[in-house]
Number of protein chains: 2
Amino acid sequence: MTNIRDIAKMAGVSVTTVSRVLNHHPYVSEAKRAAVLEAIKKSHYHRNINAVHLSKGKTNLIGVAVPFLNHPYFGQLMEGIADEAITQNHQLVLFQTNYEPQRELEALKMLKYKQIDALIICSRAGSWEWIEEYQQYGTIVLCEDARKKPISCTFIHHYQCFQAALDFLHQKGHRKIGISIGRTSGTNSHQRLRAYRDFLKNINEPYRKDYVFDHCLVLEDGVDIIERISKMSEPPSALVITSDEVAAGALLQCQQKGISVPEQLAIIGFNNQPISYLMNLTTIDIPLSEMGRSLFRQACDGTRISQKEMSYTLVERSTV
Amino acid sequence: MTNIRDIAKMAGVSVTTVSRVLNHHPYVSEAKRAAVLEAIKKSHYHRNINAVHLSKGKTNLIGVAVPFLNHPYFGQLMEGIADEAITQNHQLVLFQTNYEPQRELEALKMLKYKQIDALIICSRAGSWEWIEEYQQYGTIVLCEDARKKPISCTFIHHYQCFQAALDFLHQKGHRKIGISIGRTSGTNSHQRLRAYRDFLKNINEPYRKDYVFDHCLVLEDGVDIIERISKMSEPPSALVITSDEVAAGALLQCQQKGISVPEQLAIIGFNNQPISYLMNLTTIDIPLSEMGRSLFRQACDGTRISQKEMSYTLVERSTV
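Residues numbered from 1 in each chain as written. Chains lettered and ligands numbered in written order. Predicted model: local features only at pLDDT ≥ 70, side-chain atom pairs only at ≥ 80, totals over all residues. Heavy atoms only, no water.

Caption draft 1: Region of the structure containing unusual backbone geometry. Residue A:P262 is bonded to the preceding A:V261 through a cis peptide linkage, with omega at 5°. Residue placement: A:P262 occurs in the loop between α11 (244–257) and β9 (266–270). At B:N204, a position not held by glycine, the phi torsion is positive, near 60°. Relative to the helices and strands, B:N204 resides in the loop between α9 (187–202) and β7 (212–213). Given a relative accessible area of 66%, B:N204 falls into the exposed group. (Helix = DSSP H or I, 4+ residues; strand = E, 2+ residues; numbered from the N terminus. Buried < 20%, exposed > 50% of the residue type's maximum accessible area, 1.4 Å probe, protein only.)

Caption draft 2: Up close: the domain arrangement of chain A. Residues and elements named next belong to chain A. Taken domain by domain, chain A holds domain 1 (4–56), domain 2 (61–156 + 289–310) and domain 3 (158–286). Summarising the inter-unit geometry, the C-alpha centres of domain 2 and domain 3 are found 28 Å apart. Counting from both sides, the interface comprises 15 residues of domain 2 and, opposite them, 13 residues of domain 3. For the pair domain 2 and domain 3, the summed buried area comes to about 1200 Å², and 49% of that belongs to carbon and sulfur atoms. Counting across the domain 2 and domain 3 interface gives 0 salt bridges. If you look at where domain 2 meets domain 3, you find 9 residue pairs in polar contact (both at pLDDT 80 or more). In terms of residue count, helix α5 (residues 72–87) provides more of the side of domain 2 that touches domain 3 than any other element does, 3 residues in total. For the side of domain 2 that touches domain 3, a count of residues per class yields 8 nonpolar, 3 polar and 4 charged. (Domains from an automatic or database assignment. Contact = heavy atoms within 4.5 Å. Buried area = accessible area lost by both parts, 1.4 Å probe. Salt bridge = Lys/Arg side-chain N within 4 Å of Asp/Glu carboxyl O. Polar contact = N/O pair within 3.5 Å; in protein donor to acceptor, adjacent residues only side chain to side chain. Nonpolar A, V, L, I, M, F, W, Y, C, P; charged D, E, K, R; others polar.)

As structure tokens, then:
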């Protein structure tokens, strides 16, 4: 492949001169400009846009660190991010982390080395120390409640949101309520667990470890919840499941096992995804696409910190 | 942000000299090298990796053009691509095309301008002419049967695969068979439609336009198919639906409307995704993750053209 050095050699000028011609810099003699253009023509040289980025200090690339691509929650969030990227004429560099901190660090390093202009972290795997260290090199945007820190973020108030689901079940007469969460180590799950413990305290119910189902992300995890519940001597009468995907798995397994919903077991899902509509699942609507768009806008506007709370809505259908 | 120009100014040397120091080029005097290193130290300059890319002519970025991110088919394909990217220490640049040719062209242009080393097109929106034009600038890999062209691809033999589904239904006694496809304009759909027409010819059944459901991609499209079928005076007795997602929507709607499956309507899905297992859906297993990994390997190995056909398997469950 012909590069800028080859062109310089062919034209008998310096690399700097070639660069000046490419960037329409005024201080180049007509003779040299002509020689460079002739060399370019001969070699079919196509301007390497990385040279332009180097010159401008901008890449128009925004990094996105996301745990999994093959999951409806992140799929919808990514779609919002990608839609806004198209609107703003930027491209996305994707980092699938599988929740491995090392992968997130790779993304942060790309920010440090200016390969990307900003980084959106859809669900953080690494530590706060990393975020604080790498923020000096470029804009980092988080999809979690980070109001205690000077960093841009778009988030749902997960404590309130989870509390709303629990209160709704309580109003319907439930006291024995089980919950599923994505991963106990995440910020969002931490807030949800806090809401759950506070709720139990308020209604004078003990915290039962066997009512908390961790690492629930996909359909099969919902099946598994029902399998475990059906073996309990004192099963919960209601479930708050933080993913419609998982809730749908639970609901299908209830149908298989002849457990009537909501009579024997009430179920609330999260996210209001198409499957919840089809299965008539009561759920909490979270505007994921809009959150994705907001994250992208924050990433592009690196000059100021903004923190955006999004609203949620309880969607009553037939499973509570 | 400090850039290479600022460093040059601070050190009192040319930009070329700074570049030489950064690249460990031998022809730099010790005095100048020391001045540059001192300036870098003072300014906390971090080497712009784009300068390295410019120098090497490689970015370690692979582009991926994908119609939608928020869809299980592409989610699974993307996951395979992303897994292999991690293994091979590359990053992905994402182009969500929404099947708009213009977006695919943007990706092709990034290939031309060396912003990416190669481009994977998961489902082509643009013309063959574009592919042929842009192949000279870098590796393009397609997820479709392109054996007639000199280009790398990973694909399913969709003609044979679709024929297998139709033959299976025919063996079970069905003659009135409807089909759903993603979009009539795509290469894969074209092959499937050809298989359908040939099948009808062989069993002496007429081609009926109202038995062909186009643009079926999501759950709701499956609901829609059943709505349309239930209004027909002569409905099909079986359906081949080229997405488990759509098939699941159809199946749920059959349950809602009291249409018994497979007695009144047999259904075959495609892709063997988790939802098909849960809903006991007969389907065609397609190794999407493995296809994604293969596409990525082909993109990285730009030096030779390889064309890889993947196998499919009929998974018998309870809907036929």
